[in-house]
Amino acid sequence: MSDHEVLHVKGRVLAGPEDVRDELWAVDGRITYERPPGSGFAEVEGWTLPGLVDAHCHVGLDGHGAVDAETSEKQALTDRGAGTLLIRDAGSAADTRWIDAREDLPKIIRAGRHIARTRRYIRNYAHEIEPGDLVAYVAAEARRSDGWVKLVGDWIDREAGDLTPCWPRGEVGAAIAEAHRLGARVTAHCFAEDSLRDLVEAGIDCVEHATGLTEDTIPLFAERGVAIVPTLVNIATFPHLADGGEAKFPQWSAHMRKLHARRYDTVRAAYDAGIPIFVGTDAGGSLAHGLVAEEVAELVRAGIPVGDALNSTAWGARKWLGRPGLEEGAPADLVVYEADPRADVRVLGAPLHVVLNGRVVG
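**Observations regarding the overall build of the protein chain**
Okay, step 1: Looking only at helices and strands, the protein chain has 12 helices and 20 strands in total.
Okay, step 2: Here the protein chain has a C-alpha radius of gyration of 21 Å; the compact-globule value for 362 residues is 21 Å, and the two agree.
Okay, step 3: Here the C-alpha coordinates of the protein chain stretch approximately 70 × 40 × 35 Å along the principal axes.
Okay, step 4: A burial count over the protein chain gives 57% of its 362 residues as buried.
Okay, step 5: In the protein chain, of all internal contacts separated by at least 6 residues, the share reaching a separation of at least 24 is 65%.
Okay, step 6: Element-wise, carbon and sulfur atoms account for 48% of the exposed surface of the protein chain, whose accessible area totals about 14600 Å².

Take a look at the structure:
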């Protein structure tokens, strides 16, 4: 027997989109492709991917605001059970730093707390401020986050009765520049069309949802390399939201239905233009956790090839977030499936084994 904690992963290891290996070992929580000395290792077998990425998830948040640590833990465990082992937390009012000390919970890259205009977002979620304070709040969240800041780029304007941009061009440009100076990237919640050009020309790094992309703005995103996280499982709720707001805000309701109706065409047009696309579920607000497999399937329904949809939650997503995959010496965070997910992404919905820091946790 080895003196080290060793797990042998057999079968087909998808170290990259086209890099298929026969086995790897997790030795003291780290990946190696060199057989360690000894025998009698614990073993798992199947088709192995790096731990999946949910690039838009909210641990510590529900529909009413921040939740307690027990609820946050349940959310993280649900994501883990679905194979999500790396989360970009795209805004949370709760302090979840304690999760970093838990080797049995997914790793989280935090974007701090949402930054929104006063009374222009979900209650209890965001710092609600006016444009003159935007730079200062972005700087504060850049310093306390894990390299990301989350803006609310548009929301319903009750006076206009529809979605409108939240920030003037000058202020948002200065805020993004300050975040970049501090080493943070900036993303923004955007449903509608009108805020996108200003945000991209101001230097935004990513846009969440991006349902308002058009033939005018898609080339701009592609030219600047601005990523999108479509959250199609969330966009599926638009008709229900529209029904609820019909009586009071009919223009907004009609707009939401239109954005929903063309959601797949929008995502496919973005893909065809070369815009980077990543998987995110928007779990933790009104949506349940653990929906990563459903979101990958939605990207495929939108017309994204299976291999590229997998890349958007596996190898490519980890590279985008600056975290390793199934590389020599990387943390042994991986998911094992019964069949090849490149042949059928529905396989993602039923992990055989979930391995986190070299230990089988599910």
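**Observations concerning the packing of helix α7 (residues 238–245) against helix α8 (residues 250–261)**
Okay, step 1: The contact between α7 and α8 brings their axes to 8 Å, and the two run at 170 degrees. Considering the angle they form, α7 stands roughly antiparallel to α8. Across the interface between the two elements, Phe238, Pro239, Leu241, Ala242, Asp243 and Gly245 from α7 touch Pro250, Trp252, Ser253, Met256, Arg257, Leu259 and His260 from α8.
Okay, step 2: Looking at the contact of α7 with α8, its residues break down into eight nonpolar, three polar and two charged.

**Remarks on the layout of surface pockets**
Okay, step 1: The computed volume of the largest pocket comes to approximately 640 Å³.
Okay, step 2: Around the largest pocket, the lining is made up of 28 residues, and of these Tyr121, Ile122, Trp155, Phe191 and Leu241 lie nearest the centre.
Okay, step 3: Sorting the residues of the lining of the largest pocket by element identifies β13 (154–157), α7 and α8 as the ones contributing at least two each.
Okay, step 4: Considering only residue class, the lining of the largest pocket consists of 12 nonpolar, 11 polar and five charged.

**Re empty space enclosed by the protein**
Okay, step 1: Counting across every chain of the model gives two cavities of 30 Å³ or more.
Okay, step 2: Of the pockets and cavities examined, the largest cavity occupies roughly 60 Å³.
Okay, step 3: Looking at the largest cavity, the residues that line it are Gly153, Pro165, Cys166, Trp167, Val172, Asp194, Ser195, Asp198 and Leu199.
Okay, step 4: When grouped by side-chain class, the residues that make up the lining of the largest cavity number five nonpolar, two polar and two charged.
Okay, step 5: The volume enclosed by the second largest cavity comes to roughly 40 Å³.
Okay, step 6: Lining of the second largest cavity is provided by His209, Ala210, Thr211, Pro230, Leu232, Ile235, Arg263, Thr266 and Val267.
Okay, step 7: Mapped onto the lining of the second largest cavity, the elements with two or more residues apiece are α6 (232–235) and α9 (263–273).

**Some remarks on a positive patch on the surface**
Okay, step 1: A cluster of basic side chains, namely Arg119, Arg123, Arg158 and Lys248, defines a positive patch on the protein surface.
Okay, step 2: Among the secondary structure elements, Lys248 is positioned in the loop between α7 and α8.
Okay, step 3: Residue Lys248 is classed as exposed on the basis of its relative accessible area of 68%.

**Some words on the packing of aromatic side chains**
Okay, step 1: Applying the stated criterion to the full structure yields six aromatic pairs.
Okay, step 2: Connected via pairs of aromatic rings, a cluster forms that spans Tyr121, Tyr125, Trp155, Phe191 and Phe238.
Okay, step 3: Between Arg88 and the ring centre of Trp148, over which it is positioned, the NZ or CZ distance is 4.6 Å.

**Observations regarding the pattern of salt bridges**
Okay, step 1: What the rule picks out here adds up to 27 salt bridges.
Okay, step 2: A salt bridge links Arg102 to Glu73, with the shortest nitrogen-to-oxygen separation between them at 2.8 Å. Separated by 29 residues along the polypeptide, Arg102 in the loop between β8 (84–89) and β9 (107–110) and Glu73 in helix α1 (residues 69–81) bring together distant segments of the chain.
Okay, step 3: Among the residues examined, Arg102 registers a relative accessible area of 26% and is labelled partly exposed.
Okay, step 4: Given a relative accessible area of 24%, Glu73 falls into the partly exposed group.
Okay, step 5: In this structure, the salt-bridge partner of Arg117 is Glu130, at a minimum N-O distance of 3.1 Å. Of this pair, Arg117 sits in strand β10 (residues 115–117) while Glu130 sits in the loop between β11 (127–129) and α2 (134–144), and the two are 13 residues apart along the sequence.
Okay, step 6: For Glu130, a relative accessible area of 36% puts it in the partly exposed group.

**Observations concerning the nonpolar core**
Most often, soluble globular proteins have nonpolar side chains that are buried together.
Okay, step 1: Ranked by size, the top nonpolar core spans 77 residues in total, and within it Leu134, Leu151, Ile204 and Phe221 carry the most contacts.
Okay, step 2: Examining the composition of this core, we find that five residues originate from one element, helix α10 (residues 292–301), more than from any other.
Okay, step 3: In this structure Ile204 touches Ile176, Val186, Thr187, Ala188, Leu199 and Val226, once residues within four positions along its chain are discounted.
Okay, step 4: Listed in part, the 15 residues of the second largest apolar core include Val13, Ala15, Tyr33 and Val44.

Parameters at a glance
- Residues numbered from 1 in each chain as written.
- Predicted model: local features only at pLDDT ≥ 70, side-chain atom pairs only at ≥ 80, totals over all residues.
- Heavy atoms only, no water.
- Helix = DSSP H or I, 4+ residues; strand = E, 2+ residues; numbered from the N terminus.
- Rg over C-alpha atoms; globule rule 2.2 N^0.38 Å.
- Buried < 20%, exposed > 50% of the residue type's maximum accessible area, 1.4 Å probe, protein only.
- Contact = heavy atoms within 4.5 Å.
- Areas by Shrake-Rupley, 256 points an atom, 1.4 Å probe, with all protein chains shown as cover.
- Axes fitted to C-alpha atoms, helices over the stretch in contact; angles between N-to-C directions.
- Parallel < 35°, antiparallel > 145°, perpendicular 65-115°, else oblique.
- Nonpolar A, V, L, I, M, F, W, Y, C, P; charged D, E, K, R; others polar.
- 1 Å grid on protein atoms, 1.4 Å probe; cavity = no way out; pocket = protein on both sides within 12 Å on 5 of 7 lines; lining within 4 Å.
- Points joined across faces, edges and corners; volume = space filled by probe spheres on them.
- Patch = residues over 30% accessible without salt bridge, like charges linked within 9 Å, V, L, I, M, F, W, Y side chains within 5 Å.
- Salt bridge = Lys/Arg side-chain N within 4 Å of Asp/Glu carboxyl O.
- Lys, Arg positive; Asp, Glu negative; His and termini not counted.
- Charge placed at Lys NZ, Arg CZ, Asp CG, Glu CD.
- Phe/Tyr/Trp six-rings, centres within 6.5 Å; stacked < 30°, edge-to-face > 60°.
- Lys NZ or Arg CZ within 6 Å of the ring centre and 35° of its normal.
- Core = buried A, V, L, I, M, F, W, Y, C linked by side-chain atoms within 4.5 Å.

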